[in-house]
Structure formats: C-alpha cells, structure tokens
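Fold and geometry: a report
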Amino acid sequence: MSRSRGEHLFDLLNSLLLILLSLITLYPFLFVLIASLSDPKWAIQTRGLIWYPKGFTLEAYRLVFQNPSIITGYLNTLLYVTLGTLLNILMTSFGAYALSRQQVMWKNPVMFLIVFTMFFNGGLIPTYLLIEDLGMADTRWALIIPAAMSAYNLIIMRTSFMSVPSSLEESAKLDGANDFTVLFRVILPLSMPVVAVMILFYGVAHWNSWFSALIYLRTRDLYPLQLILREILITSSTETMTTGVGGSDKMLFGETIKYATIIVATGPILLLYPFLQKYFVKGVMIGAIKG
Amino acid sequence: MSTAIQRPSDSIKPAVDKSGFKYRLIRDAKINKYVYLMLLPVVVYYVVFYYVPLYGLQIAFKDYSPGLGILHSDWVGLKHFKDFFGSHYFSRILRNTLLISFYDLLFTFPASIVLALLLNELRSAMLKRTVQTITYMPHFISIVVVSGMLVDFLARDGLVNNLLHAWFGVQPITFLQESGWFRFVFISSNIWQNIGWGSIIYLSAMAGIDPSLYEASRVDGASRLRQTFHITLPGIMPTVVILLILQIGNFMSVGADKILLLYNPTTYETADVIGTFVYRKGILESNFSYSAAVGLFNSLINFTLLLSANALSRRTSEHKLW
Amino acid sequence: MNRKQKSLQLTLVSATLLAVLATGCSSNGNSNSSGTATSPAPAGTATGTGTAQASPSAADANYPASMTYWVQMNGNAGAIMKTYNEMAAYQEIEKKTGTKVEFQHPPTGQEKDQFNIMLASGNLPDVVEYNFGSTVGLSASQSPDALIKGKQLLRLNELIDQYAPNLSEVLKEHPEFKKMITTDEGNIYVMPFLLGDELLSVVNGPIFRQDWLDKLNLKVPTTIPEWEAVLTAFRDKDPNGNGKQDEIPFFMNLNSDYDLNHLFVGAWGITTDFYNDNGKVKYGPIQPEYKEFLATLARWYKNGLIDKDYASITDAKLKDNKILNNEVGAYSGFAGSGLGRYLTLQKETNPSFSLVGAPYPKLTEGGANPLGQYTNPFTGYGAAISAHAKNPEQIVKWLDYKYGEEGHMLINFGIEGVSYKMENGYPKYTDEIMNNPDKLPMSQAMAKYFQSGWNGPFVQDKRVIEQYYTIPAQREAQKTWFQADHSKQMPSISLNADESSKTASIMNDVKTYRDEMFNKFVMGAEPIENFDKYVKTLEGMEIEEAIKARQAALDRYLSRK
C-alpha cells in the first residue's frame with residue numbers, strides 16, 4: 001500500500017495536532033493531581049502552570065479518608081453502578097430493539113411518549129411522593145429503579161440498532177428465532193460498540209450521581225461516594241459554611257482537599273474507558289457480520 | 001394521536017378502511033407479541049415515573065406552599081409567567097441564552113465530530129488510544145476547578161496575558177471583565193472540556209461501519225479524503241443527525257453552573273442567561289412555582305424546536321426520531 | 001470570597017449568617033458568668049418548679065423515651081462521625097434524660113432540598129432542626145406561620161411557657177430575643193439558636209497588613225481620607241520591597257465588602273441595600289450619599305488603589321493567592337479564614353507577615369460612627385416540632401435541657417475533665433480540643449465533644465470563640481470591628497405572601513442593575529454625572545414598591561410584643 005507525499009504530510013500534521021490537543025486536555029487533570037499532593041500553602045501561592053508537587057504531602061488524602069463514611073460510600077457507589085448499569089442496559093436494549101423494528105405499529109406513538117418526558121416532567125416533589133408511595137424512599141432501590149433508563153441513551157442505542165442490516169434479523173427469524181433470540185444473539189453482539197458507549201454513559205452517570213441520593217436517602221450508611229465527597233468539599237472550601245469555627249484550621253487544607261476529593265472521586269471511573277476502548281476499533285464487527 | 005396511524009413509508013400494508021385498521025391491529029399484536037413484551041417494562045417505567053408525577057406541572061400556575069401541598073395551593077394563573085416576561089432584563093437574557101446555544105451548536109457540536117474523524121485517520125493504534133483516553137479526561141474535572149483555572153489563567157497578570165505579551169506584545173486584557181470576550185471564553189472552554197467525551201459516540205458509530213466498504217473503495221483508488229466523505233461521514237450520519245436534533249431540542253437549556261462561576265456584573269451584558277437570572281432570583285426567594293413556570297416556558301420552546309428539527313430531518317433525510 | 005460561594009452563602013441565607021454567628025456567644029455579655037439561664041428555679045412559669053438540672057421528676061412531664069430528630073450533619077462532625085449520637089455531649093444528654101434520639105442527617109449544606117420534599121410529603125420527624133430564616137430561602141408561602149397554619153409545625157408559645165423553664169428564663173432576661181423569635185402573627189416556631197453576647201455578632205471587617213504600615217511609618221487609618229492616603233502610600237512606596245510597583249493597595253469584593261460589611265459606604269450612614277433609619281426603611285443605592293461613595297471608589301480605581309481585576313476575581317483562591325504573595329495591602333475578611341488562617345499559613349515562611357483588624361472608617365475625623373457588619377442574634381435557626389409528634393410537651397422539655405446550666409455547659413464545652421477544665425470559673429478547653437492527640441483540626445476535635453462549633457437549639461457561649469480565636473490579632477480585630485454602628489441594621493423582618501411575591505421580581509431586576517451600574521461607575525465606563533439617570537431607572541423598576549413592602553414588614557416587626 002503506497003501513500004502519497006500529501007498523505008504523509010497529513011498523517012504527520014494530524015498526529016502533531018492530536019498530541020497537542022492531548023497535552024492541552026491533559027493539563028487540568030495533571031494540575032489537579034499535582035495540587036492534591038502539594039503543600040496547601042504552596043498550592044495557594046502558585047499561579048499559572050505547575051508541573052510537579054512542591055512540599056509533597058498526602059495530608060489532604062488523609063483528611064479525606066479519615067471520614068468514616070468514605071469506605072461505605074465507595075462500596076455503595078460500586079453497588080449502584082453495577083446494579084444500575086445492568087438494569088439500564090437491559091431496559092434500554094429492550095426499548096431500543098422494540099422501537100427500531102420496522103413493522104411495529106405502535107412504535108412511533110411510544111417514541112413520542114418517551115421523547116415527551118425529556119421535556120416535561122412533574123418536578124421534584126411529585127416524583128418524591130411517588131417514590132415514597134412505592135416504598136422506595138430511603139432504600140437503595142430509590143437510586144436504581146427510578147433511574148432505570150434514559151430517553152437520550154435509548155435514542156442513541158436505537159439509532160445504532162437501526163443500522164444493523166435487517167437481512168440478518170430476517171434470516172434468524174426464518175430459522176425460527178423469536179425476538180428475544182434476535183436481540184440477544186444477533187443484534188447485541190453486532191452492536192458491541194454502542195453497548196460499550198451505553199455502559200460508559202450509564203456507568204459514569206451512576207458514578208457521578210448524588211442528587212437523587214440527597215433527595216431520597218436519609219440513612220448515612222446508604223450514601224454513595226459522591227454525596228460524602230460533596231460534603232467534604234463544601235465543608236473544607238466554602239468559607240461561609242465554615243466561618244467562625246472551622247474557618248481557620250480546617251480550611252488550611254481546603255485548597256488541597258478540593259483537589260484530593262476530585263482525584264478520589266474520578267480516579268476509578270477514569271479507568272473504565274480504557275477497558276471499553278477495544279470495542280471502538282474499526283472493523284471490530286467484521287467477524288460477526290461474516291459469521 | 002395521528003402519528004399513530006401515519007405509518008412510515010416503509011410500511012408494508014397500506015391502510016384500506018376501518019376494518020383494515022382493526023385487522024392490522026390484531027395482526028400487529030400477533031406478529032410482534034415479543035416486541036411488545038419487551039416494550040412493556042419500558043412503557044410501564046415511563047408511565048409510572050414520568051406520567052404519574054406529571055400533575056406537578058400545575059404548580060407553574062399556582063403559588064405552591066408546602067403547607068398546603070401541590071393540589072391545595074392557590075391558583076394564580078399566569079402570574080409567574082407574567083413576572084418572568086415582564087422583567088426589565090427578559091429580552092437580554094433570552095438573547096444571551098439563544099446566542100450561547102447557537103454558538104455552542106456551531107462550534108462545540110462539530111468539534112467532537114472533527115476530533116473523531118481525525119482520530120479515525122491516525123495510523124498508530126497506540127497513539128489513537130492514548131489521545132482518546134486523555135481527551136476524555138477533562139470531562140470529569142468539576143466545573144468549579146475548571147472555572148478556577150480559567151479565572152487564574154485569564155486574569156490581567158495570568159498565564160494567557162503573559163504569553164500574549166511575551167509573544168505578541170499585546171497589552172493585558174481582562175478577559176473576564178469585558179463582555180465582548182465572554183462568549184469566546186465560555187465556548188472555547190466548553191470545547192476544551194467536552195470535545196473528547198463527545199467524540200466517543202462517533203467513534204463507536206465508526207466502529208460499526210462495514211470495513212468491506214473501505215476495501216472496495218480502496219480498490220477503486222479512492223483517496224482517504226474521499227473515503228472520509230463518502231464512507232465514514234455517511235456511516236456516522238444517522239448518529240450525527242439524531243444528536244443534532246436532540247441538541248436543538250436543548251436550545252433553551254444553557255447550564256447556569258459554569259456561567260455563575262465565570263461571570264460578574266461587568267459581563268452580565270453578554271453572560272446573563274435565563275438560568276443564571278432565575279438562580280439569582282432564587283437567592284431572593286426560593287419559589288418553586290416561579291422556577292416551574294420558567295422551566296415550562298423553556299420546555300415548550302425546546303419541544304417545539306425538537307419537533308421542527310425532527311420534521312425537517314424527516315423531509316430531507318431518512319433520519320428521524322419518529 | 002468567591003462569587004459562587006457568595007451565592008451559596010446567600011442561598012443558604014442565614015445558614016451562612018448562622019455559621020457566622022456560630023463563632024460564638026453567650027447570653028449576658030458577662031464572659032465570666034457560666035453562660036445563660038443559670039438562675040435557678042424560674043418561678044414564673046406555669047408548672048415548672050424545677051430547672052433542668054433539678055431532678056426531672058419535679059416537672060409534670062417526663063423526658064420522651066425516644067424521638068426522631070432531623071438535622072443537617074455539620075461537616076466538621078461528618079468528618080469524624082456518622083450520627084450525632086456519637087458526639088460526647090449527646091451521649092451524656094442521653095444518660096441524663098434517658099431519651100433515645102434517632103438522628104436523621106441530610107448532608108451538610110444540602111439540607112434545603114431534603115427539607116422541602118419532607119414538607120411536601122407531610123412526613124416530618126418529631127423534631128426538625130433547620131434554618132427557617134426568612135431573609136432568604138423561604139418565600140412567604142413557606143414561612144413558619146404558613147407551616148403552622150398548614151398543620152406541619154407546632155406553635156410552641158404555650159409549650160415553652162409550661163415545659164421549657166430554662167428557655168423561658170432566657171427570654172425573660174432578654175425581651176429582645178423574644179421579639180426576634182416571635183413571628184408577625186405571634187407564633188414561636190422553634191427552640192432557637194441564640195447569640196447572647198453582642199460582640200459575637202461581629203466576625204468580619206477590614207484588615208490591613210500591619211507590617212506594611214510599620215514599614216512606611218503609618219498608622220491604621222480611621223477615616224476615608226486617611227484610607228486614601230495609606231492606600232496611596234502602599235501603591236507608591238513599595239511596601240513589599242520587591243522593587244516593583246505591583247501592590248494592590250485595596251483588594252475589593254463587591255458583595256462581601258459592601259453588602260455584608262457596609263465598608264466605606266457605611267461612613268455615609270447608608271448601606272448598599274435596605275436599612276433601617278430610625279424605623280424608616282431606606283434603600284441605600286438611591287440615596288444622594290451613594291453618589292459620593294461611588295465617586296470616591298471611582299477615584300480610587302482610577303488612581304490604582306483598587307485592583308483593576310477586582311470584578312473578575314470570582315475565585316477565592318486568587319484572593320488567597322494575592323494576599324499570601326504580598327500583593328495586597330488591605331481587604332476585608334473573617335477573623336477566622338481571612339485573618340487567622342493567613343497568619344497560620346505564613347507563620348513559618350514569612351514571619352514578618354502580620355495583619356491587623358482596622359476600624360470601619362468614618363467620613364471625617366470626629367464624624368458619625370460608620371456602619372459595620374452585624375449579624376442578628378437570631379436568624380431563624382432552631383428546632384421545630386412536627387404537628388404529628390406524639391408527645392410534644394416531653395420533647396420541649398428535652399430540648400429545654402440544653403438551655404439550662406448543665407445542658408449549656410455540655411453543649412458548649414463538652415465533658416468536664418475531658419474536653420474542658422474549670423479554671424477560676426472559666427471553662428478552659430483541654431489539649432484534647434486545643435491540641436488534639438489524634439491530630440484532629442480543632443474544629444473537628446470540638447465536634448467530637450459538643451455542638452457549639454456551629455448552630456443548634458441552644459445559646460452559644462462567647463467563651464467558645466474566645467478560645468477558638470487562638471491568635472490575639474483575631475480577638476482584637478473583633479473588638480475593633482465591634483465599635484461600628486449597628487443601629488441601622490435591618491432586623492429579621494418577614495414579608496407576607498403578597499409582599500414577597502410582588503417584590504421578588506422587582507428586587508432581582510434592581511439588584512442586577514445595581515451591580516452592573518456599580519461596576520460601570522467605579523470603572524469609569526459610566527460618568528458619575530449620570531447618577532440621577534441611574535436613580536430614575538431604579539425608580540422605573542419600582543424600587544419604591546419594594547421599599548414600601550419592607551416598611552410594612554418592619555412596622556409589623558417593631559410592633560411585635
């Protein structure tokens with residue numbers, strides 16, 4: 001395979017451009033990491049770019065992890081992410097499959113019904129009352145069931161399902177497969193890239209979610225990580241909440257606690273993407289289609 | 001609902017008459033029984049968690065009092081809407097909201113697509129994965145920290161001014177104090193933070209493109225540029241169009257969080273949007289009904305925009321929500 | 001203070017102010033008395049023969065066997081415990097009263113959402129400890145009166161008379177407290193959090209670099225012209241000694257300097273918001289004096305006495321940065337985070353760094369006393385009781401315990417012999433608090449034992465903050481700031497439904513315009529001659545309506561009994 005000089009030049013420029021972009025987008029994270037490991041005094045007194053921690057200290061992390069609710073928070077979050085995402089994928093696949101079939105009479109009305117909810121909802125209070133009536137208030141279910149699917153993701157998955165050649169479905173049906181078999185044996189295996197995206201989108205959403213926990217939970221032992229971290233953040237960096245007592249001692253570390261909290265909060269979820277990346281390689285579906 | 005009966009053009013049996021409709025109904029239920037079985041939990045979910053609480057919309061027309069509850073609070077008609085439209089600043093916040101959304105659509109939205117296309121052209125799989133992973137990271141840094149960095153870097157004595165001065169001899173600019181700069185700062189930092197995250201979905205769409213298409217075109221001697229425009233872009237077009245429709249349906253919802261952290265009274269002129277304005281009003285008085293009214297107003301416009309975008313797309317391409 | 005935090009602060013209305021308040025208090029202004037409500041046996045109350053320290057059986061109600069209690073988890077406590085049951089003071093109270101308290105804790109700073117849905121569901125725990133302050137955060141339809149009318153909360157007046165002898169005594173000693181905690185409709189809705197000592201209402205004010213003043217042989221300025229002279233010297237004479245003219249003589253922040261502190265503007269006897277001029281409500285930004293205030297700041301800005309960047313410094317870190325990097329000569333801040341914290345941070349690396357709290361400047365030598373920051377002793381925080389509680393009289397009695405001598409000491413100082421020792425009648429914190437062996441920051445060590453590091457249903461003792469301000473400069477700053485005039489402070493008035501719904505929209509426009517124009521005038525984008533036009537515009541926005549509403553509310557307040 002030969003490439004023209006123009007293509008070579010393009011490849012070079014493209015690589016350089018993307019490396020530059022990576023540096024620009026990497027920096028904020030690097031900054032947060034470095035600052036979290038620095039002496040708070042130094043973190044406050046430095047402006048502009050920093051490249052290495054000065055006065056290296058893990059004190060900020062110690063202060064974050066001394067919180068008795070951190071570990072339960074991590075475990076809870078792990079549970080919410082796993083269970084929640086599983087349910088999400090199942091429900092979204094069902095919906096996306098059903099709504100992407102060509103000859104389903106009610107699919108457009110149902111689609112409309114769902115899209116409508118992206119714009120109009122009853123708001124916080126009636127939803128809370130509903131959750132309470134369902135007996136889910138202050139239970140783990142409140143973070144999983146009401147977030148069983150998102151219309152936005154459903155639409156994305158459906159769009160992807162639609163691009164699977166319908167001949168595959170037809171031939172499977174001729175072999176006597178029902179729709180469940182078609183979904184699980186034909187469509188899903190062919191749609192791993194979008195499933196990976198769904199895992200990422202839903203997983204990250206569950207991981208970052210704190211508001212429904214704030215609304216529905218009263219028992220501290222059920223709190224997800226983010227809620228605990230927000231609490232630490234607010235206490236250590238919000239001058240107004242810590243004025244007077246807390247203003248001068250705890251806030252010494254406020255600046256670095258802020259960064260340590262971000263590392264603690266995002267570290268694990270950042271690792272998710274590299275695992276899912278293999279599904280984004282061009283031609284990954286080749287075997288499946290031919291088979 | 002008329003959409004229920006208007007079958008898409010790919011429908012097989014044209015409707016003949018009323019008994020025909022009944023016939024189709026039964027036939028549809030029979031053929032698609034498993035499909036409807038799958039759809040059942042989905043519909044139940046939306047009905048229970050979205051349609052049952054929908055009665056809460058009425059608080060936009062009431063003076064909600066927690067002591068009385070939603071149903072028993074007093075009706076006030078369009079009072080909250082009038083309050084909102086009657087504000088001295090209504091036209092300004094509407095204009096700012098629309099403009100920021102428009103620029104976001106114009107610049108941020110395509111940026112991710114361009115990144116995905118460029119990534120797709122990278123020869124080294126290793127480099128590709130690295131760039132992907134790195135560019136997606138800023139999405140996870142909290143807005144508070146990103147804004148803090150922006151305020152630092154863009155200050156009169158900050159990094160950006162130092163560089164501009166050293167390289168081009170530019171006199172210091174207080175970027176965040178001049179309303180002319182606000183949208184530029186806001187949009188470009190949006191791109192910086194979200195370009196990588198946004199590109200993921202396109203990369204996944206590209207992974208689904210049949211590789212034999214590329215092979216065939218290579219045999220025909222097509223250049224890579226040609227392949228990009230004739231295979232890759234059409235391949236991800238359904239995703240692009242659908243996301244575009246959804247984005248248009250989000251036109252009125254400019255997030256207030258980041259603006260609140262970056263704006264100040266000297267930049268209200270260009271930075272104050274509906275979200276921030278309502279937020280400041282919330283400081284004065286936490287009023288569920290007022291926010292509900294503004295929310296409803298936004299939703300109505302958003303929904304109308306989405307319907308229009310969808311209708312337009314239906315007519316010009318085969319991609320559509322329904 | 002960064003803008004977001006500022007907004008947060010305002011949103012959390014008095015939570016903020018209460019946190020400010022939380023800096024300390026005791027009731028009598030007599031720092032050597034043991035606080036409040038110590039006089040035994042308030043005979044006036046209906047049945048109460050006993051104070052809480054007397055044996056409980058003396059009263060005709062027992063302590064409840066158990067109850068549910070909703071209160072935000074304070075962050076300092078949350079860092080070391082999962083419920084307040086783990087706090088030494090509450091454990092001791094449980095021993096004394098035999099009451100099992102089942103705490104429910106929404107997370108710090110986020111309690112408002114949970115509070116609102118809790119009300120919506122009508123499912124209140126027995127006790128709700130919350131900031132009901134009406135300055136912000138609660139529209140009239142959510143006001144305490146509305147909640148009592150809506151059968152969500154109990155009216156406590158009679159219960160307090162009968163079953164809360166300790167609190168009754170406090171209220172008898174301080175009729176002004178009684179006025180504050182009673183609504184326009186005559187309801188008492190909480191067992192209140194109270195600041196007794198006036199000194200403790202003052203926690204924020206102007207601060208100078210003492211070492212800069214010393215270096216240039218200057219005294220702490222006390223008038224506006226003196227400020228101008230000192231700031232000019234800071235600008236020209238290189239007090240940070242780096243050979244560059246990079247000093248920011250005054251670091252300005254619109255919201256905290258003016259809305260909170262009335263700095264400078266108070267010299268003209270007005271504020272940047274509503275104030276109470278002898279029973280008459282006025283709005284500062286439309287007064288003719290405001291024009292002079294703006295003209296002064298505009299001159300300072302033009303002459304480089306104010307940070308050119310001031311409006312865009314919306315990030316707290318940048319303020320810290322500039323102050324700690326020897327760029328700033330004067331600013332205003334809290335005695336804790338704005339003074340003590342900086343001194344601690346600079347102690348080792350820059351020992352010459354010193355700060356002093358400066359008095360609020362007068363207009364001229366011998367002129368009228370300027371206004372200054374002041375927090376009302378009661379801002380709406382306290383423990384309310386659900387209308388569905390089974391045994392409200394017992395709960396009131398339990399809550400009242402903390403207003404008695406024994407409870408007061410427990411909640412303010414913790415366990416005698418462990419967290420404090422009496423020295424000459426002064427409860428002195430031990431090293432367990434001051435220098436915690438587990439390396440807990442002091443605020444957390446306090447939280448381990450008692451609640452007075454923040455607000456709750458009790459009277460805060462001034463000796464808490466006296467000991468918390470470990471640096472003398474902090475204590476002196478507080479005393480200096482206290483000299484300012486607080487008589488024009490608006491009390492915690494409450495607007496009725498009609499007033500608040502009419503004026504909330506007006507005030508949003510007004511504040512937006514006021515803030516925008518403030519910057520334009522100060523930065524010179526708008527010539528000060530246009531001040532009259534500006535006032536006209538504000539009048540066009542119906543500022544008079546808003547003033548009228550507040551006047552009515554103030555009249556109601558003043559006629560409270």
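Residues numbered from 1 in each chain as written. Chains lettered and ligands numbered in written order. Predicted model: local features only at pLDDT ≥ 70, side-chain atom pairs only at ≥ 80, totals over all residues.

All names here are of chain C. The pairing of strand S13 (residues 420-423) with strand S14 (residues 426-429) spans 4 bridges and is antiparallel. Residue pairing for S14: Met 422 is matched across the bridge by Pro 427. Two successive antiparallel strands, S13 and S14, enclose a turn made up of 2 residues, where Asn 424 displays a positive phi of approximately 50°. (Pairing = 2+ DSSP bridges. Helix = DSSP H or I, 4+ residues; strand = E, 2+ residues; numbered from the N terminus.)

Before going further, it helps to spend a moment on the interface of chain C and chain B. Every contact between the two is made by 40 residues of chain C and, on the other side, 33 residues of chain B. If you list the elements that add at least two residues to the side of chain C that touches chain B, you get helix H1 (3-11), helix H5 (111-121), helix H6 (144-149), helix H14 (316-324) and helix H22 (497-523) of chain C. In terms of residue count, H22(C) provides more of the side of chain C that touches chain B than any other element does, 12 residues in total. Taken together, the residues of the side of chain C that touches chain B break down into 13 nonpolar, 17 polar and 10 charged. (Contact = placed C-beta atoms within 7 Å. Nonpolar A, V, L, I, M, F, W, Y, C, P; charged D, E, K, R; others polar.)

Before going further, it helps to examine the interface of chain A and chain B. Accessible area lost on assembly of the parts is the figure often given for the size of an interface. Chain A puts 81 residues into the contact, and the matching count from chain B is 76 residues. Considering each element in turn, the side of chain A that touches chain B owes the most residues, 15 residues, to helix H1 (residues 5-36) of chain A. Residues that form the side of chain A that touches chain B fall into these classes: 54 nonpolar, 21 polar and 6 charged.

What follows concerns the pairing of strand S8 (residues 274-277) of chain C. Across a regular strand the side chains alternate sides, sitting on one face of the sheet and then on the other. Summarising the sheet, S8(C) and strand S9 (residues 280-283) of chain C pair through 4 bridges and their orientation is antiparallel. Paired with C:Asn276 across the two strands is C:Val281, which belongs to S9(C).

This part is about the domain arrangement of chain C. Domain assignment breaks chain C into domain 1 (28-40 + 62-200 + 377-460), domain 2 (202-357) and domain 3 (497-558). The centre of domain 1 of chain C, based on its C-alpha atoms, is set 37 Å off from the matching centre of domain 3 of chain C. (Domains from an automatic or database assignment.)

All names here are of chain B. UniProt's entry tags residues 34-52, 100-122, 134-155, 191-209, 229-248 and 288-312 with the feature "transmembrane region" (unreviewed entry), counted in the numbering of this structure. Helix and strand shares over residues 100-122 are 96% and 0% respectively, and the end C-alpha atoms of the span are 32 Å apart. For residues 134-155, the end-to-end C-alpha separation is 27 Å, with 68% helix and 0% strand making up the annotated structure. (UniProt positions renumbered as here; feature names shortened; annotations may be inferred.)

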